[in-house]
Amino acid sequence: MSTVLNASSIRVSAAMGGYVATLRGKRATGATHREAALTVARQVYGPKVNVRSDYLRDADPLAGIQYRYHITHQRGVA
């Protein structure tokens, strides 16, 4: 079971050859949008987190944001 952390959502945009994700001033890239989101989440919150898809906000497409993710905490992970 996982619980949602009270945190900002991760914003993911297209980048050359992949995606770039941003969260709390940190950035990470990945070949897929989920990979980029997971990498930046773990930079900020450590290895015991995961991500799940979130809804885009109305202004996101105008800002170049293609995906949003929420951070979840993995229980029972060492």
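This part takes up the overall build of the protein chain. Secondary structure summary: the protein chain contains one helix and six strands in total. Secondary structure elements in the protein chain, listed N-terminal to C-terminal, are β-β-β-β-α-β-β. When burial is assessed residue by residue, the protein chain has 37% of its 78 residues classed as buried. Within the protein chain, contacts between residues separated by at least 24 positions form 42% of all contacts whose residues are at least 6 apart in sequence. Accessible area of the protein chain: about 4900 Å², with a carbon and sulfur share of 51%.

With three bridges joining them, strand 2 (residues 10–15) and strand 6 (residues 67–74) adopt antiparallel strand pairing. Looking at the pairing, isoleucine 10 lines up with tyrosine 69 of strand 6. For strand 2 and strand 3 (residues 18–23), the ladder comprises five bridges, and the chain directions are antiparallel. If you follow alanine 14 over to strand 3, its bridge partner there is tyrosine 19. The hairpin formed by strand 2 and strand 3 contains two residues between the paired strands, and glycine 17 there has a positive phi angle of roughly 75°.

Let us now look at the environment of isoleucine 71. When you line up the elements, isoleucine 71 lands in strand 6. In this structure the C-alpha to C-alpha distance between isoleucine 71 and arginine 42, which are 29 residues apart in sequence, comes to 9.4 Å.

This part takes up helix 1 (residues 33–45). With 13 residues, helix 1 should reach 18 Å at 1.5 Å per residue; the first-to-last C-alpha distance of 18 Å fits that figure. Its buried side turned inward, helix 1 meets strand 2, strand 3, strand 4 (26–30), strand 5 (49–54) and strand 6.

Counting 15 residues, the largest nonpolar core has Ile10, Val12 and Val51 as its most contacted members. Going through the elements one at a time, strand 2, strand 3, helix 1, strand 5 and strand 6 are the ones with two or more residues in this core. When residues in this core are grouped by element, the largest group, five residues, is from helix 1. Once you skip the residues sitting within four places of it in the chain, valine 12 turns out to touch Tyr19, Val20, Ala21, His33, Ala37, Gly64, Ile65, Gln66, Tyr67 and Tyr69.

Residues other than glycine seldom take positive phi values, yet arginine 24 does so here, at roughly 50°. Within the fold, arginine 24 resides in the loop between strand 3 and strand 4. Take arginine 24: its relative accessible area is 51%, and that puts it in the exposed class.

Basis of the calculations
- Within any chain, residue numbers begin from 1 and follow the written order of that chain's sequence.
- Where totals are concerned, whole chains, interfaces and linings use all residues; where local detail is concerned, this predicted model gives features only for residues with pLDDT of at least 70, and gives and counts side-chain atom pairs only at 80 or more.
- As a convention, hydrogens and water are excluded, and side-chain values are obtained from all of the structure's heavy atoms.
- Secondary structure is summarised from DSSP: a helix means a run of H or I of at least four residues, a strand means a run of E of at least two, and numbering begins at the N terminus for each.
- Remark: exposure states derive from per-residue accessible area (1.4 Å probe, protein chains only) relative to the maximum for the residue type, with buried under 20%, exposed over 50%, and partly exposed in between.
- By definition, residues are in contact when any of their heavy atoms lie within 4.5 Å.
- Methods summary: accessible areas were calculated by the Shrake-Rupley approach with a probe of 1.4 Å, and residue burial reflects only the protein chains presented.
- When DSSP locates at least two bridges between a pair of strands, those strands are taken to pair.
- Working rule for helices: expected span equals 1.5 Å times residues minus one.
- Among the buried residues, those of types Ala, Val, Leu, Ile, Met, Phe, Trp, Tyr and Cys that are joined through side-chain atoms within 4.5 Å form a nonpolar core.

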